[in-house]
Amino acid sequence: MDASLEQYVEMFAKLHVNHSGGHISPHKPVMLLAVLSLADNGGMTENRIEYGTELLELFREYFNVVASPNDRCTPLLPFFHLRSEAFWHHVPHAGQEQACRVMSSPGSAIQMTSVIEYARLDDELFLHLVDRTSREVLRQAIIDRYFPNCREELLKLSQQEVDIGAYRELFDSDTAKERIKESSRDGFDEHTRQAGFRRSVTQAYDYSCAACGLRVILGEVVMVDAAHLIPFEKSHDDDPRNGMALCKNHHWAMDRLLIGPWPDGRWHVHRELDDRREGQQDLLKLDGRDILLPRKSRYHPREDALQWRMDKMKECA
Ligand SMILES: [Zn+2]
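Numbering of residues starts from 1 in every chain and runs along the sequence as written. Local features in a predicted model are, by the rule used here, given only for residues with pLDDT of at least 70; side-chain atom pairs are given and counted only at 80 or more, and totals for whole chains, interfaces and linings are based on all residues. Side-chain metrics rest on all non-hydrogen atoms present in the structure, leaving aside hydrogens and water.

Here's the deal with the overall build of the protein
Working step 1: A count of helical and extended segments in the protein gives 15 helices and 10 strands.
Working step 2: With respect to the three principal axes, the spread of C-alpha positions in the protein is 65 × 45 × 40 Å.
Working step 3: Relative to its 317 residues, the protein shows a buried fraction of 50%.
Working step 4: The contact rule is simple, with two residues in contact once any of their heavy atoms fall within 4.5 Å. The long-range share in the protein, meaning contacts at least 24 apart out of those at least 6 apart in sequence, stands at 68%.
Working step 5: To measure how exposed things are, a 1.4 Å probe is used in the Shrake-Rupley method; for residues, cover is taken only from the protein chains shown. As displayed, the protein offers around 16200 Å² of accessible surface, 48% of which is attributable to carbon and sulfur atoms. Numbering goes from the N terminus for both helices and strands, where a helix is a DSSP run of H or I of at least four residues and a strand is a run of E of at least two. Each residue gets one of three labels from its accessible area relative to the maximum for its type: buried under 20%, exposed over 50%, partly exposed in between, using a 1.4 Å probe on protein chains only.

A word on the packing of helix H2 (residues 27–40) against helix H3 (residues 53–66)
Working step 1: Only the stretch in contact is used when fitting a helix axis, every axis being a line fitted to C-alpha atoms; angles between N-to-C directions are given from 0 to 180 degrees. As a packed pair, H2 and H3 sit with axes 8 Å apart at the nearest point and diverge in direction by 130°. Considering their axes alone, H2 and H3 lie oblique with respect to each other. Considering the relative orientation of H2 and H3, their crossing is right-handed. Across from His-27, Val-30, Met-31, Leu-33, Ala-34, Val-35, Ser-37 and Leu-38 in H2, the residues of H3 making contact are Glu-54, Leu-55, Leu-58, Phe-59, Tyr-62, Phe-63 and Val-66.
Working step 2: Polar here means any residue outside two lists: the nonpolar Ala, Val, Leu, Ile, Met, Phe, Trp, Tyr, Cys and Pro, and the charged Asp, Glu, Lys and Arg; Gly therefore counts as polar. Of the residues assigned to the contact of H2 with H3, the class counts are 12 nonpolar, two polar and one charged. Orientation is classified from the angle alone, with under 35 degrees giving roughly parallel, over 145 giving roughly antiparallel, 65 to 115 giving roughly perpendicular, and any other angle giving oblique. Throughout, a crossing is termed right-handed when the near helix is turned clockwise from the far one, and left-handed when it is turned anticlockwise from it by less than a right angle.

With respect to the domain arrangement of the protein
Working step 1: Where a domain begins and ends is set by an automatic assignment or by a domain database. Per the domain assignment, the segments making up the protein are domain 1 (3–167) and domain 2 (206–316).
Working step 2: Computed from C-alpha atoms alone, the centre-to-centre distance between domain 1 and domain 2 is 36 Å.
Working step 3: On the domain 2 side, the residues contacting the six residues of domain 1 number seven residues.
Working step 4: Summed over both sides, the interface of domain 1 with domain 2 buries roughly 490 Å², with 51% coming from carbon and sulfur.
Working step 5: Once two parts are brought into contact, the accessible area they lose, counted with a 1.4 Å probe and summed over both, makes up the buried area. Area buried by domain 1 at its contact with domain 2 is led by Thr-53, Leu-56 and Tyr-167, which between them contribute 77% of it.
Working step 6: When a carboxyl oxygen of Asp or Glu is within 4 Å of a side-chain nitrogen of Lys or Arg, the pair counts as a salt bridge. At the boundary of domain 1 with domain 2, the tally comes to zero salt bridges.
Working step 7: Polar contacts, as counted here, are pairs of nitrogen or oxygen atoms within 3.5 Å of one another; within protein the pair requires one atom able to donate a hydrogen and one able to accept it, and residues that are adjacent in sequence qualify only if both atoms are side-chain atoms. On the surface where domain 1 and domain 2 come into contact, there are one residue pair in polar contact (both at pLDDT 80 or more).
Working step 8: Considered class by class, the residues forming the side of domain 1 that touches domain 2 number two nonpolar, one polar and three charged.

Examining the coordination of the zinc ion
Working step 1: For Na, K and Ca the donor cut-off is 3.2 Å, and for all other metals it is 2.8 Å, counting N, O and S atoms only; because water is absent from this set, sites may look incomplete. Around the zinc ion, the protein contributes the donor atoms Cys-209 (SG), Cys-212 (SG), Cys-247 (SG) and His-250 (ND1), which lie 2.1 to 2.3 Å from the metal centre.
Working step 2: Classification of Cys-212 as partly exposed rests on a relative accessible area of 41%.
Working step 3: The buried category is assigned to Cys-247, whose relative accessible area is 6%.

Description of the packing of aromatic side chains
Any aromatic ring pair is given by two values, namely how distant the centres are and how the planes are angled relative to each other.
Working step 1: Ring pairs are drawn from Phe, Tyr and Trp, using the six-membered ring of Trp, whenever the two centres fall within 6.5 Å, and their geometry is named by plane angle: stacked under 30 degrees, edge-to-face over 60, tilted for the rest. Scanning all chains against the criterion turns up six aromatic pairs.
Working step 2: Ring geometry for Tyr-51 versus Phe-79: centroids 5.1 Å apart, planes at 65°, classification edge-to-face. With Tyr-51 in the loop between H2 and H3 and Phe-79 in helix H4 (residues 76–81), this pair connects stretches of sequence that are 28 residues apart.
Working step 3: Among the aromatic residues, ring-to-ring pairing joins Tyr-51, Phe-79 and Trp-88 into one connected group.

Focus on the pattern of salt bridges
Pairing between side chains of opposite charge can happen when the charged atoms of each approach one another.
Working step 1: Under the criterion given, the structure shown has 24 salt bridges.
Working step 2: Between Arg-151 and Asp-144 there is a salt bridge whose closest N-O contact spans 2.8 Å.
Working step 3: Taking the relative accessible area as the measure of exposure, Asp-144 reaches 44% and is therefore partly exposed.
Working step 4: Each of Glu-54, Glu-57, Glu-161, Arg-168, Arg-198 and Arg-199 takes part in a single network of salt bridges with overlapping partners.

Structure, rendered in structure tokens:
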């Protein structure tokens with residue numbers, strides 16, 4: 001084994017973890033498994049680990065596999081306390097350098113992220129992480145040392161992330177567009193398609209509703225759904241461009257054809273909605289408003305999907 005990889009394997013096996021009553025806190029090794037999976041699924045293209053939705057979702061998935069009943073799912077703590085390991089570095093926001101140096105506990109997530117912009121790994125370790133073979137060696141080291149009894153389940157989770165990464169990669173390049181529909185039907189299991197669709201769509205819209213802009217994020221909990229434009233049961237189409245991030249209300253209203261995004265780039269509302277009725281006014285306010293689109297144009301909704309919405313609403317009017 002490469003000498004530097006060997007050194008990191010050793011560091012991973014000797015994390016400074018809490019022991020109480022013979023029980024080892026799983027938090028730090030779980031956070032490292034989550035980071036490895038960010039690399040698996042294409043979420044880590046640079047040496048930059050943000051305390052964000054995707055990391056926290058992965059943390060919870062791994063945590064649920066290994067946790068004992070008394071362990072609490074607190075990703076904030078390992079994200080912060082990994083600073084006691086030589087390979088994990090916090091990068092402060094501009095002007096917060098001193099505050100970052102003297103911080104002894106993370107406080108709340110808001111407090112921590114107002115000081116720490118992101119974490120980065122040793123550059124050398126990052127290079128091992130983006131290399132698939134080295135990444136497996138590091139993952140095995142963590143599992144061997146901390147979670148040998150959960151090996152199978154953990155490897156299954158990490159394989160899922162590899163698949164989700166491959167699925168997302170299909171859509172995240174302009175050249176791939178034409179093979180998308182077929183590929184999305186074949187070769188990926190249902191879980192991968194669903195998870196890939198949901199994550200691609202909600203991330204593309206930056207977790208905001210395309211109708212009202214609502215954006216609420218609490219850890220890995222977000223208040224938008226990835227809604228299908230042409231329903232999945234009709235189209236079997238999990239192309240993210242057949243999707244849109246919508247809050248629960250607007251998802252519900254779109255599914256019932258009370259509102260719809262049309263090819264003119266605007267929202268339209270059902271003509272029988274009545275502005276004298278309280279409760280319908282909010283939906284009516286949407287009429288003629290722009291669809292709030294993702295920054296990356298490759299995730300903009302497909303013309304045929306918007307057309308489908310328009311046709312359906314006209315049929316029902
Ligand atoms: Zn909304």
